[in-house]
Amino acid sequence: MDLMSLTAVELGKKIHAGEVSVKEAVQACLSHIETYDKEYNCFVSVDTERAYQQAEEIQKKMDAGKLTGPLAGVPVAVKDNMCMAGSLTTCSSKILSGFVPTYTSDAVLKLQEAGAVIVGKTNMDEFAMGSTTETSYYGETKNPWDTTRVPGGSSGGSAAAVAAEEVPYALGSDTGGSIRQPAAFCGVTGIKPTYGRVSRYGLIAYGSSLDQIGPLAKDVTDCATVLEIISQYDPKDSTSVNRNDNHFTEALTDNVKGMHIGLPRDYFTDGLEPEIWDAVYHAAKVLEEKGAVIEEFDLGMVEYAIPAYYIIASAEASSNLERFDGVKYGYRTKEYTDLHNMYKKSRSEGFGAEVKRRIMLGSFVLSSGYYDAYYVKALKVKAMIKQAYDRAFEKYDVILGPVAPTTALKLGESLSDPIKMYLGDVYTVPVNLAGLPGISLPGGYDQSGMPIGIQFVGNAFEEKKIIQAAYALEQTGSYHRPKKVAERRL
Amino acid sequence: MSKTYETVIGLEVHVELATKTKIFCGCSTEFGGEPNTHTCPVCTGMPGSLPVLNKAVVEKAVAVGLATNCTITQNCKFDRKNYFYPDNPQNYQISQLYYPICRDGKVEIETDGKKKFVRIHEIHMEEDAGKLVHDPYTDSSLVDFNRSGVPLIEIVSEPDMRSAEEVIAYLEKLRLIIQYLGTSDCKLNEGSMRADVNLSVREAGTEEFGTRTETKNLNSFKAIARAIEHERERQIDLLESGEPVIQETRRWDDNQEYSYAMRSKEDAQDYRYFPDPDLVPVHITDEWLEEIRNAQPEFRDEKKLRYKEEYQIPDYDIDILTNSKKLADLFEATIALGAQPKKVSNWLMVETMRLMKEHSMDPEDLTFSAKNLAGLIRLTDDKVINSSVAKEVFEKIFTDDIDPEAYVKEHGLATVNDEDTLKKVVEEVIAKNPKAADDVRSGKDKAIGALVGQTMKAMHGKADPSAVNQMIRKLL
């Protein structure tokens, strides 16, 4: 049996039952990475030695009955913008070359406490800026469905690693769609939690007011299970919210009777590929047949989300990335004449083009004379987008829509046209701006066989409702594997 | 006739708050320590670290705001001030620009018997930077982040001061208020209080402000006074010779008594301030505000009234004692141990002041305890030692905080009260000084002084002068 074909929860059950040892699970995972990652490049670093060492420790604890959680012993990959004590953490950037933090991000810590074995760090767009995982200093990740295509981004390494069955599940982060869009492009499931649900401590910030860590996995059950573990209050993050409604697995019921689902008319424009349009309506029909009440409505503010997002995220990024200066850690230019020159050369050589573009954009919108016209205005738009969602959630339990206007693009296609790439975020960024939870799951395939993502958006801290809706939809069309992955076992 | 000019001065005063831990992490704020030992991922700006506000900082800032008659911003926020410098690990400083914690305050100052108010524009909270150390051996710079993240408040005044005297009076007032609050020790030389002087001059009688400069690196009140005089003269000279004053930041060199331009407005940085998304707005509830208000200590004016009523000591004494929290505390603590107020006051006003001057110390540097001062007063009250021995013992208390009783015993300084011994010594003195004895006998009363002096000397100071006096009269 190929252990990596199982979901995380399925594998966890086998480990608990003693059918599979933790070491065997880790071995299977590492051998898949070794065999298949040459083709996809999902990982920036893999720590085999540590993985086996962790496996041994966890096995001991499990044998002693000290670890009873559903994911104990199950291997996992973590996006390379989450710090792990003693492990290289690069954000896929040259500027963090050789950076080894002394602390572990809170979400990873929660997984470790639950008995997860971290096998490695996944590739991403540099500093999570991008939607294709092509801006990585460590090379692009390829989509397991079609290696001439991008896996999406910025958590492309995590999404592709799950799709390629190199790991059962992975952590990603989502600032403007960076979990949901690669999940859609790679045909897997991902949740971007409500802002404040998962601690950001140890997550190397891109847009601090928008960043959230979340799971990517084969199905809704895995995602709900992982989220339940990582979403605990953390006093080290001032924006972490202390709540006790994180029993997400309780929402895994195939029951949407009477659920009010809104379908925003303004999502369906010329920019949306017809096949994705059809897939969303098909999902609506499926849920309607299961007893949900579907209604079309005008959400509003949709066209303002992209500019507001790129102003706010870039502004925060321009400040967040100032600490990468060659003084304390990471890359420092070889030759320099003075301090200023050292800063300038280290940063010019250490950051890639997309990161520089956003630093410049962000610095501009915060500069005196432009602050009110851009940054303050963008914050007002952000507040209005939140209000638009608030109005919608007075009527609807969840909002249904697409994740991205297209399926996975060809490699190299969007790098030449950043505006086009930015516009691809139209269905995901408003959710971050409003701080809401969103889930992306497979909802069909286009003519070329590429997966289409379906998104449910919920009100703040109502992850349970989107999990419930997604779970019900998932029951009708089971998870598919990329052809090459399915063929491995033939 | 040459023009007369008016100096217009506003101050930016930074005060290090005496919290146990830093403003955004749990590291110790203790001064000194091996470089980079009071640090963590947060105060060294490591990627992924996040700030969490120390509530004690808010409480101390509010306490200063209340004591300076400010309006408290009950929903205040932190902003990032972006600039690159190696002592600033994140390359932005967390400060407050848009919603500072306190606004629109005022304090009353007095110079030459004239009272006036200096208005406070705002008080904001921020984090201190690290310290750069140049290593001459490797010709490289090193950074010590122990100070990084130590909480500061910046008190920004309106341009209400017109002379160095007013500036010093304002600073002394602030320092006193803050010391009374226990919020900081306010030592200029150690950097726990730092003042930047914004100064411009204008022709007397005009309304419009002149172009101002900002002078930094002022480490003592004297330096501040000298820098103000220097800058005033420099600006007047420029105006008199028809040259413009350039808006710039200047650095004062107190050894050279000279300031030089650090940076002008043209190369002024754009700090790109914006609200820090890592911190949530600070909400100071009415209840919390009330708690802080109720915990405010007795300030100088209240103390003065109480001293007058409770201790019946002269206004002059009250004024000096209450002008230092440390002196006032010592005073009250010594009285609490049973000493008579006026006697305590005398020790503090005369001997303490004299020794402080001799050692060029501030009252805050005093190290002796109320217990030992009270013990000394008890020894004099009980006539165990005479007043000149007491002064000698006090010097030891002042420097080493010794126990006076033990010290007197150990060094045999107690007054000799044995009649026979005294009689013997006085007889010897009279025999050796027949002329003085004759003078006393013939009614020249002043001459007795010489005999008393000789007797005291012969007894190594360990006699009661009035007892000596009586014995001489008895024997003549």
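### Focus: the overall build of chain A
Counting secondary structure elements, chain A contains 16 helices and eleven strands. For a compact globule of 490 residues, the expected C-alpha radius of gyration is about 23 Å, and chain A comes in at 21 Å, within 12% of that figure. Each principal axis of the C-alpha distribution contributes one length, and for chain A these read about 65 × 55 × 45 Å. Pairs at least 24 residues apart make up 76% of the contacts formed inside chain A by residues separated by at least 6 positions. Treating the 50 positive side-chain charges of chain A as one cloud and the 62 negative ones as another, the clouds have centres 3 Å apart.

### Some points on the interface of chain A and chain B
Taken together, the contacts link 38 residues of chain A with 31 residues of chain B. Summed over both sides, the interface between chain A and chain B buries roughly 2,800 Å², with carbon and sulfur atoms accounting for 57% of that surface. Of the charged contacts in the structure, one is a salt bridge between glutamate 322 of chain A and arginine 272 of chain B, with a shortest N-O distance of 3.1 Å. Viewed at the interface, chain B and chain A are joined by 18 residue pairs in polar contact (both at pLDDT 80 or more). Listed by contribution, the elements that provide at least two residues to the side of chain A that touches chain B are helix H9 (302–320), helix H10 (339–350), helix H11 (353–366) and helix H12 (371–395) of chain A. Along the lines of polarity and charge, the residues of the side of chain A that touches chain B split into 17 nonpolar, twelve polar and nine charged.

### Considering the sheet that holds strand E5 (residues 92–95) of chain B
Ordered in space as E5-E4-E15 (chain B), the three strands form an open sheet in which the pairing is antiparallel. Among the strands making up the open sheet, the edge pair consists of E5 and strand E15 (274–275) of chain B. Two elements, strand E4 (residues 79–82) of chain B and E5 of chain B, share four bridges in a ladder whose sense is antiparallel. Within E5 of chain B, the position partnered with arginine 80 of chain B by the bridge is isoleucine 94 of chain B. Strand contacts of H9 of chain A: E4, E5 and E15 of chain B, with the helix running at about 60° to E4 of chain B, the strand carrying the most contacts.

### Considerations on helix H8 (residues 274–289) of chain A
All names here are of chain A. Given a rise of 1.5 Å per residue, 16 residues ought to cover 22 Å, and the 22 Å separating the end C-alpha atoms of H8 matches this to within 8%. Among the residues making up H8, those that are buried are Ile276, Ala279, Val280, Ala283, Ala284, Val286 and Leu287. Considered in projection along H8, the buried side chains sweep an arc of 160° and stay on one side of the axis. In H8, those exposed residues whose orientation departs by more than 90 degrees from the buried face are Pro274, Asp278 and Glu289. Looking at the buried side of H8, the elements it contacts are strand E7 (260–264), strand E8 (293–297), strand E9 (398–402), strand E10 (438–445), strand E11 (451–458) and helix H15 (463–474). Following H8 by one or two positions, glycine 291 adopts a phi angle in the positive range, close to 105°.

### As for the packing of helix H6 (residues 315–322) of chain B against helix H8 (residues 341–358) of chain B
All names here are of chain B. As a packed pair, H6 and H8 sit with axes 11 Å apart at the nearest point and diverge in direction by 65°. For the pair H6 and H8, the crossing hand works out as left-handed. In this structure, H6 contributes Tyr316, Asp317, Ile320 and Leu321 to the contact, and H8 contributes Lys342, Ser345, Asn346, Leu348, Met349 and Met353. The class makeup of the residues in the contact of H6 with H8 is six nonpolar, two polar and two charged.

### With respect to the layout of surface pockets
Empty space left among the atoms is revealed by rolling a probe the size of a water molecule over them. Residues and elements named next belong to chain B. Empty space within the second largest pocket amounts to approximately 980 Å³. Forming the boundary of the second largest pocket are 28 residues, of which Glu172, Arg175, Met361, Asp362 and Pro363 lie nearest the centre. At the level of elements, helix H2 (164–181), helix H3 (221–240), H6 and H8 are the ones that each hand at least two residues to the lining of the second largest pocket. Among the elements that take part in the lining of the second largest pocket, H2 stands out by supplying four residues, more than any other.

### What to know about a negative patch on the surface
All names here are of chain B. On the surface, Asp112, Glu165, Glu229, Glu233, Asp237 and Glu240 cluster together into a patch of negative charge. Among the elements that line the negative patch, the one with the most residues is H3, at four residues. Within the element layout of this structure, glutamate 229 appears in helix H3.

### So, the nonpolar core
With 275 residues, the main nonpolar core has Phe127, Tyr389 and Phe456 of chain A together with Ile155, Tyr170 and Ile224 of chain B as its most contacted residues. Ranked by residues supplied to this core, first place goes to H2 of chain B with twelve residues. Isoleucine 224 of chain B has contacts with Val167, Ile168, Leu171, Leu188, Ala195, Val197 and Leu218 of chain B, leaving out every residue within four places of it along the chain.

### Here's the deal with the packing of aromatic side chains
Under the defined criterion, the tally for this structure stands at 32 aromatic pairs over all chains. Look at tyrosine 137 of chain A and tyrosine 138 of chain A: their rings are 5.2 Å apart centre to centre, the planes differ by 80°, and that puts the pair in the edge-to-face class. Note on tyrosine 138 of chain A: relative accessible area 31%, which makes it partly exposed. One aromatic cluster in this structure is built from Phe99, Phe127, Phe324, Tyr329 and Phe351 of chain A. Its guanidinium or amino end placed over the ring of phenylalanine 461 of chain A, arginine 243 of chain A lies 4.1 Å from that ring's centre, counting from NZ or CZ. Above the ring of phenylalanine 117 of chain B, the side-chain terminus of lysine 106 of chain B is found at 4.6 Å from the ring centroid.

### Here we look at the domain arrangement of chain B
Residues and elements named next belong to chain B. Per the domain assignment, the segments of chain B are domain 1 (5–290), domain 2 (298–410) and domain 3 (419–475). The straight-line distance from the C-alpha centre of domain 1 to that of domain 2 is 35 Å. In this complex, domain 1 contributes eight residues to the contact, which on the side of domain 2 involves twelve residues. Surface buried jointly by domain 1 and domain 2 totals about 810 Å² across both partners, of which 63% is contributed by carbon and sulfur atoms. On the domain 1 side of the contact with domain 2, Leu176, Gln179 and Tyr180 bury the most area, a combined 69% of that side's loss. The tally of links between domain 1 and domain 2 comes to one salt bridge. Aspartate 365 serves as the salt-bridge partner of lysine 187, at 3.9 Å between the closest nitrogen and oxygen. Linking domain 1 with domain 2 are one residue pair in polar contact (both at pLDDT 80 or more). The greatest single-element share of the side of domain 1 that touches domain 2, amounting to six residues, is contributed by H2.

### A look at the sheet that holds strand E4 (residues 169–174) of chain A
Residue and element names in this part refer to chain A. Spatially, the eleven strands line up as an open sheet ordered E1-E3-E2-E4-E6-E5-E10-E11-E9-E7-E8, and their pairing is mixed. A single partner strand is all that each edge strand has here, and the edge strands are strand E1 (43–46) and E8. Strand-to-strand twist in this sheet, taken as the mean axis angle between neighbours without regard to direction, amounts to 30°. Of the strand pairs in this sheet, E7 and E9 are connected by two bridges, and their pairing is parallel. Bridge pairing in E9 links glycine 262 to isoleucine 399. Sheet contacts for helix H5 (residues 156–163): E1, strand E2 (75–79), strand E3 (117–122), E4 and strand E6 (212–217); angle to E4, the most-contacted strand, approximately 155°.

### Observations regarding the side chain of arginine 272 of chain B
Tracing the chain through its elements places arginine 272 of chain B in the loop between strand E14 (258–264) and E15. Within the local environment of arginine 272 of chain B, its side chain forms a polar contact with the side chain of glutamate 322 of chain A, the two groups lying 3.1 Å apart.

### Structural notes on the pattern of salt bridges
In total, this model carries 66 salt bridges over all chains according to the counting rule given. Put simply, lysine 328 of chain A and aspartate 325 of chain A hold a salt bridge, and the shortest N to O gap is 3.3 Å. Notably, a salt bridge pairs arginine 202 of chain B with glutamate 6 of chain B, separated by 2.9 Å at the nearest N-O pair. Of the two residues, arginine 202 of chain B is situated in strand E11 (residues 193–203) and glutamate 6 of chain B in strand E1 (residues 5–16); the sequence distance between them amounts to 196 residues. Judged by its relative accessible area of 10%, arginine 202 of chain B is buried. A cluster of three or more residues bridged by salt bridges with shared partners is formed by Arg200 and Asp237 of chain A together with Arg80, Asp276 and Asp278 of chain B.

### Quick notes on the confidence of the model for chain B
Looking at chain B, the pLDDT average stands at 92 and 99% of residues meet or exceed 70. Model confidence for the complex is summarised by a pTM of 0.90, with the ipTM given as 0.95.

Criteria and thresholds
- Residues numbered from 1 in each chain as written.
- Chains lettered and ligands numbered in written order.
- Predicted model: local features only at pLDDT ≥ 70, side-chain atom pairs only at ≥ 80, totals over all residues.
- Heavy atoms only, no water.
- Helix = DSSP H or I, 4+ residues; strand = E, 2+ residues; numbered from the N terminus.
- Rg over C-alpha atoms; globule rule 2.2 N^0.38 Å.
- Contact = heavy atoms within 4.5 Å.
- Lys, Arg positive; Asp, Glu negative; His and termini not counted.
- Charge placed at Lys NZ, Arg CZ, Asp CG, Glu CD.
- Buried area = accessible area lost by both parts, 1.4 Å probe.
- Salt bridge = Lys/Arg side-chain N within 4 Å of Asp/Glu carboxyl O.
- Polar contact = N/O pair within 3.5 Å; in protein donor to acceptor, adjacent residues only side chain to side chain.
- Nonpolar A, V, L, I, M, F, W, Y, C, P; charged D, E, K, R; others polar.
- Pairing = 2+ DSSP bridges.
- Axes fitted to C-alpha atoms, helices over the stretch in contact; angles between N-to-C directions.
- Expected span 1.5 Å × (residues − 1).
- Buried < 20%, exposed > 50% of the residue type's maximum accessible area, 1.4 Å probe, protein only.
- Arc of directions from axis to C-beta.
- Left-handed = near helix turned anticlockwise from the far one by under 90°.
- 1 Å grid on protein atoms, 1.4 Å probe; cavity = no way out; pocket = protein on both sides within 12 Å on 5 of 7 lines; lining within 4 Å.
- Points joined across faces, edges and corners; volume = space filled by probe spheres on them.
- Patch = residues over 30% accessible without salt bridge, like charges linked within 9 Å, V, L, I, M, F, W, Y side chains within 5 Å.
- Areas by Shrake-Rupley, 256 points an atom, 1.4 Å probe, with all protein chains shown as cover.
- Core = buried A, V, L, I, M, F, W, Y, C linked by side-chain atoms within 4.5 Å.
- Phe/Tyr/Trp six-rings, centres within 6.5 Å; stacked < 30°, edge-to-face > 60°.
- Lys NZ or Arg CZ within 6 Å of the ring centre and 35° of its normal.
- Domains from an automatic or database assignment.
- pLDDT = per-residue confidence, 0-100.

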